[in-house]
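Structure assessment
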Amino acid sequence: MDFDESSTSKIVTREFLAVLLAGFGNELLPLTSHHGDEPCPKALLPIGNRPMLEYSLAWLESSGVTDILLICPTSHRSAMSNYIQSSVSAHLPSLRIDLQAFEESQDMAPGTCTLLRHFSSRIKSDFIVLPCDFVPPPTLSLSQLLNKFRTESTYDGSIATTCFYEAGKPDKGSVIEDWGMLPTNLPIVFDERSGTLLHVDTPDDIDQNNEDFLLRMSLLSQYPRTKLSANFRDSHVYVCRRTVLDVLQQKMHFDSLKEEFIPWLCKPQYQRTRREKYGNVLSPATNTFSQALALKHSTLHLPARQQHLRRSTTASEADDDHLRSVMPSPVEEDDEESAEPSLRVGLVAHRSSSGFASRANTLHTYLELNRFFLSQTTYALPSDPENRALIDQKAQISSDSMVGRSTRVEERATVKRSVIGKHCVIGKMAKIVGCVLLDHCVVADGVKLDGCILGAYTQVGAKAELSRCVTQPGYEVGAGETARNEKLEISDWTAQDTSEDQDSDEDSEDSSEGSSDDSE
């Protein structure tokens, strides 16, 4: 994966660096809890039997972005390094991944702003921030965002491009409250014609303003045909100028990129005081004036003012085009105005009708994404004899299911609309419907599972019944046990065993005291 650069490749300037964030995944607990002493990194949780990180890496490679700064907790570094060396180097060999760890605890994980400031010395170019849990559809190419950023940052001084996706409402009865909160749609204000993000209503705004929605007149006067929508979610994918980090260094109190910095970054494009204070940092005057001057006299691009007003071509504009070839004085007012950068934040708004996009940042969306990939595939029995022999002839596996390699499915077991990982064992007469089983799970005979997510190495005893449950990796469900709408964690399981041991000890003490009293 890391190759020696030839003399030819050394002169190529890297256009973008991808900053890929792979955090603890507290929102996916207990799936991301430790299995014994081994961590279970969120980035390596499978979606459709592929590590979720692989979707982000493939998305980057398909757009030509090959330089990646991958940031993970220190405790995950070994597992992430093994995955990169064993899988990524074989399947995505063009990628150059710089794996960096950040010392953090699961209870006190730093925000994206803190991480970007910490690793800013490694970011020398314009950059892309993206999470490991965003799964884009084929219709949403990263090149679409990059091309918008390239064009607008060059032509009018745009400083960033964001991506929001339309999220559909969950099916009635599919929400399990005990699994945690669903992701929320924060209202955004945008100009659809120019693709500009103007305002993001943050949780603090909602707390302060209650049901009121406050917008500045300067925003409405500059963009009178704005749209307000609460149907979109932030993908946490941002293409930014390198100068954005310089401003971030000045705003040390910002921790969350999504809820604090991006909403703030929208404001200099229409607030004069913030433009005056931060404009020279976000868009240094070194090349902005000369760039704008060159564009003004280009016969291929309209002046900034004309493009903003979107005037149609007329005879008088044809004359203007002719006059564009005449060099004006460099101190003309028009040139100074055209040199002023817009400081716009671009927006790519992906509609659900164009393809399903989501982030696997809650248990609900993680299950939803797995089920979506089931609808895109058709199960077929393994073609190789070794894996084919593991599937009993009397087992029933529906076409909308996935079964990983080296998994054994025994006689009369039923698997419907489920994802079964690698190296699993499904016992006789077991019935699995609408579930996701991670690798190395063991399901004994006669078990019934409905709408569950089983962490890796989970063991379910004979004739146990689980409905809409999530298990921590390594959890053991006793034979005949039943559970519904629960998160099953080893701490609860061990606590129960400890209490039972204490009860038995107390009973033995009582019996011994009783026998001694009798002897007296």
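The structure under discussion appears in the preceding block.
Residues numbered from 1 in each chain as written. Predicted model: local features only at pLDDT ≥ 70, side-chain atom pairs only at ≥ 80, totals over all residues. Heavy atoms only, no water.

Considering the overall build of the chain
Under the convention used in this document: Numbering goes from the N terminus for both helices and strands, where a helix is a DSSP run of H or I of at least four residues and a strand is a run of E of at least two. Relative accessibility decides the category of a residue: with a 1.4 Å probe and only protein chains considered, values under 20% of the type maximum give buried, values over 50% give exposed, and everything between is partly exposed. Note on contacts: a residue pair qualifies if any of its non-hydrogen atoms lie within 4.5 Å across the two residues. Exposure was quantified through the Shrake-Rupley algorithm and a 1.4 Å probe, taking into account, for residues, occlusion by the shown protein chains and nothing else.
For the chain, the count of helices and strands is 16 helices and 31 strands. Expressed as a percentage of the 520 residues in the chain, the buried residues total 48%. Counted over contacts in the chain with a minimum sequence separation of 6, partners at least 24 positions apart contribute 60%. About 26,000 Å² of surface is accessible on the chain, with carbon and sulfur atoms providing 48% of the total.

Some thoughts on the state of the cysteines
What counts is decided by this rule: A pair of cysteine sulfur atoms is labelled a disulfide when the two atoms are within 2.5 Å.
Enumeration over the complete set of coordinates arrives at 0 disulfides. Cys 435 takes part in no disulfide bond, and the closest cysteine sulfur to it belongs to Cys 452, at a distance of 4.7 Å.

Digging into the sheet that holds strand β26 (residues 459–460)
Definition in use: The pairing criterion for strands is at least two bridges between them, as found by DSSP.
Here 5 strands make up an open sheet; going across it, the order is β17-β20-β23-β26-β29 and the pairing parallel. Edge strands, defined here as strands with exactly one partner in the open sheet, are β17 (408–409) and β29 (476–477). One ladder, built from 2 bridges, connects strand β23 (residues 442–443) with β26; its direction is parallel. From the neighbouring strand, Val 443 faces β26, where its bridge partner is Val 460.

What about the nonpolar core?
Which entries qualify depends on this criterion: Put simply, buried Ala, Val, Leu, Ile, Met, Phe, Trp, Tyr and Cys residues joined by side-chain atoms within 4.5 Å make one nonpolar core.
In terms of nonpolar packing, the biggest core is built from 59 residues, with Ile 47, Leu 53, Leu 57, Leu 70, Ile 128, Tyr 366 and Ile 453 touching the most fellow members. If near-sequence neighbours (up to four positions away) are discounted, Leu 53 is found in contact with Leu 20, Ala 43, Leu 70, Met 80, Tyr 83 and Cys 132. Among the nonpolar cores identified, the runner-up in size contains 39 residues, and Phe 190, Val 244, Leu 248 and Phe 261 belong to it.

Points about the pattern of salt bridges
The condition that has to hold: The working definition used for a salt bridge is a side-chain nitrogen of Lys or Arg within 4 Å of a carboxyl oxygen of Asp or Glu.
Enumeration according to the criterion identifies 17 salt bridges in this entry. Between Asp 98 and Arg 122 there is a salt bridge whose closest N-O contact spans 2.8 Å. On the criterion of sequence distance, the pair formed by Asp 98 in strand β5 (residues 96–102) and Arg 122 in the loop between α3 (112–118) and β6 (126–131) is long-range, its members being 24 residues apart. A relative accessible area of 26% places Asp 98 in the partly exposed class. Under the relative-accessibility criterion, Arg 122 is labelled partly exposed at 39%. Here the salt bridges share partners, and the residues they tie into one network are Glu 27, Lys 42, Asp 133 and Arg 359.

A closer look at the packing of helix α1 (residues 52–62) against helix α2 (residues 77–91)
Heads up, the rule is: Note on method: axes are straight lines fitted to C-alpha atoms, helices fitted across the in-contact stretch only, with angles between N-to-C directions ranging 0 to 180 degrees. Angle categories: roughly parallel below 35 degrees, roughly antiparallel above 145, roughly perpendicular from 65 to 115, and oblique for all the rest. In this scheme the handedness of a crossing depends on how the near helix is turned from the far one: anticlockwise by less than a right angle means left-handed, clockwise means right-handed. Following the grouping adopted for this structure description, the nonpolar residues are Ala, Val, Leu, Ile, Met, Phe, Trp, Tyr, Cys and Pro, the charged ones are Asp, Glu, Lys and Arg, and the polar ones are all others, Gly among them.
Here α1 crosses α2 at 55°, and the two axes come no closer than 12 Å. Comparing their axes, α2 and α1 come out oblique. When you trace α1 past α2, the crossing you get is right-handed. Here Leu 53, Glu 54 and Leu 57 of α1 lie close against α2, whose contacting residues are Met 80, Tyr 83 and Val 88. Looking at the contact of α1 with α2 residue by residue, the classes come out as 5 nonpolar, no polar and 1 charged.

Observations concerning the sheet that holds strand β30 (residues 482–484)
The strand order across the open sheet formed by 6 strands is β15-β18-β21-β24-β27-β30, and the pairing between neighbours is parallel. Each edge of the sheet is formed by a strand with only one pairing partner; in this case those strands are β15 (396–397) and β30. Where strand β18 (residues 414–416) meets strand β21 (residues 431–433), 3 bridges bridge the pair, whose relative direction is parallel. Of the residues in β21, the one forming a bridge with Lys 416 is Val 433.

Overview of helix α8 (residues 257–265)
For clarity, the cut-off: Counted as a polar contact is a pair of N or O atoms within 3.5 Å, where, for protein atoms, one must be capable of donating a hydrogen and the other of accepting one, and residues adjacent in sequence contribute only when both atoms are in side chains.
Inspection of α8 places Leu 257, Phe 261, Ile 262, Pro 263, Trp 264 and Leu 265 among the buried residues, and these make up the whole buried set. Two or three places before Lys 258, at the start of α8, stands the capping residue Ser 256, its side-chain oxygen 3.5 Å from that residue's backbone nitrogen.

Points about the packing of helix α7 (residues 243–250) against α8
Interhelical geometry of α7 versus α8 gives an angle of 115° and a closest axis separation of 12 Å. Like other packed secondary-structure pairs, α7 and α8 cross with a definite hand, here right-handed. Counted together, Val 244, Val 247 and Leu 248 of α7 and Phe 261, Trp 264 and Leu 265 of α8 form the full contact between these two elements. Taken together, the residues of the contact of α7 with α8 sort by class into 6 nonpolar, no polar and no charged.

Regarding the environment of Thr 482
With respect to the secondary-structure elements, Thr 482 resides in strand β30. On the basis of relative accessible area, Thr 482 is assigned to the exposed category, the value being 60%. Through-space distance from the C-alpha of Thr 482 to that of Ser 467 is 8.2 Å; in sequence the pair is 15 residues apart.

Observations regarding the environment of Phe 213
Looking at the secondary structure, you find Phe 213 in the loop between α5 (203–209) and α6 (217–222). The exposure class of Phe 213 is partly exposed, given its relative accessible area of 28%. Taking C-alpha positions, Phe 213 is 8.2 Å from Asp 201, a pair spaced 12 residues apart along the chain. Discounting chain neighbours no more than four positions away, the residues touching Phe 213 are Pro 187, Val 189, His 199, Asp 201 and Leu 228.

Description of the packing of aromatic side chains
Which entries qualify depends on this criterion: What counts as a ring pair is set by centres within 6.5 Å for rings of Phe, Tyr and Trp (its six-membered ring), and what kind of pair is set by the plane angle: stacked under 30 degrees, edge-to-face over 60, tilted for all other angles. In this scheme, Lys NZ or Arg CZ marks a charge over a ring once it lies within 6 Å of the ring centre and within 35 degrees of the ring normal.
For the structure on display, the rule yields 12 aromatic pairs. Judged by centre distance (6.0 Å) and plane angle (65°), the ring pair of Phe 254 and Phe 261 falls under edge-to-face. Across this residue pair, the class does not change: Phe 254 and Phe 261 are buried. Connected via pairs of aromatic rings, a cluster forms that spans Tyr 55, Phe 356, Phe 372 and Phe 373. Sitting over the face of the ring of Tyr 55, Arg 50 holds its NZ or CZ atom 4.3 Å from the ring centroid.

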